[in-house]
Amino acid sequence: MSVQIRIMFFLIALFTMGGLAAGAVLMAQGHHGWLSALCYVVALLLAGVGFILRRRFVKPMATESQH
């Protein structure tokens, strides 16, 4: 993988973990339930985007290296 793709995956993972942590903190405080749910939804969508991008970028590189 190229350096740019590795950095992109690192940032996606970092923001996903941050969103999940923020959702957990907001849920533990008990005040902003809708904001907690929004953090979880955004984090899960971001994780899904990361998996989609991984499939799009990593698989073609793996098949190109075999030939």
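Presented here is a report on the structure given in the accompanying data block. Just so we're clear, the structure is a prediction, and the values are computed from it rather than from any experiment.

What counts, and at which threshold
- Residues numbered from 1 in each chain as written.
- Predicted model: local features only at pLDDT ≥ 70, side-chain atom pairs only at ≥ 80, totals over all residues.
- Heavy atoms only, no water.
- Helix = DSSP H or I, 4+ residues; strand = E, 2+ residues; numbered from the N terminus.
- Buried < 20%, exposed > 50% of the residue type's maximum accessible area, 1.4 Å probe, protein only.
- Contact = heavy atoms within 4.5 Å.
- Areas by Shrake-Rupley, 256 points an atom, 1.4 Å probe, with all protein chains shown as cover.

## Brief notes about the overall build of the protein
Next up, step 1: Along the backbone of the protein there are two helices and zero strands.
Next up, step 2: Per-residue burial for the protein yields a buried fraction of 16% across its 67 residues.
Next up, step 3: At a minimum sequence separation of 6, the contacts of the protein that also span at least 24 residues come to 55%.
Next up, step 4: Put simply, the protein shows about 5,300 Å² of open surface, and 73% of that area lies on carbon and sulfur atoms.

## Re the environment of Met-8
Next up, step 1: By the element assignment, Met-8 lies in helix α1 (residues 3-29).
Next up, step 2: Accessibility expressed as a relative area gives 26% for Met-8, which makes it partly exposed.
Next up, step 3: For the pair Met-8 and Gly-50, spaced 42 residues apart in the sequence, the C-alpha separation amounts to 8.9 Å.
Next up, step 4: Contacts of Met-8, omitting those with residues within four sequence positions, involve Leu-53 and Phe-57.

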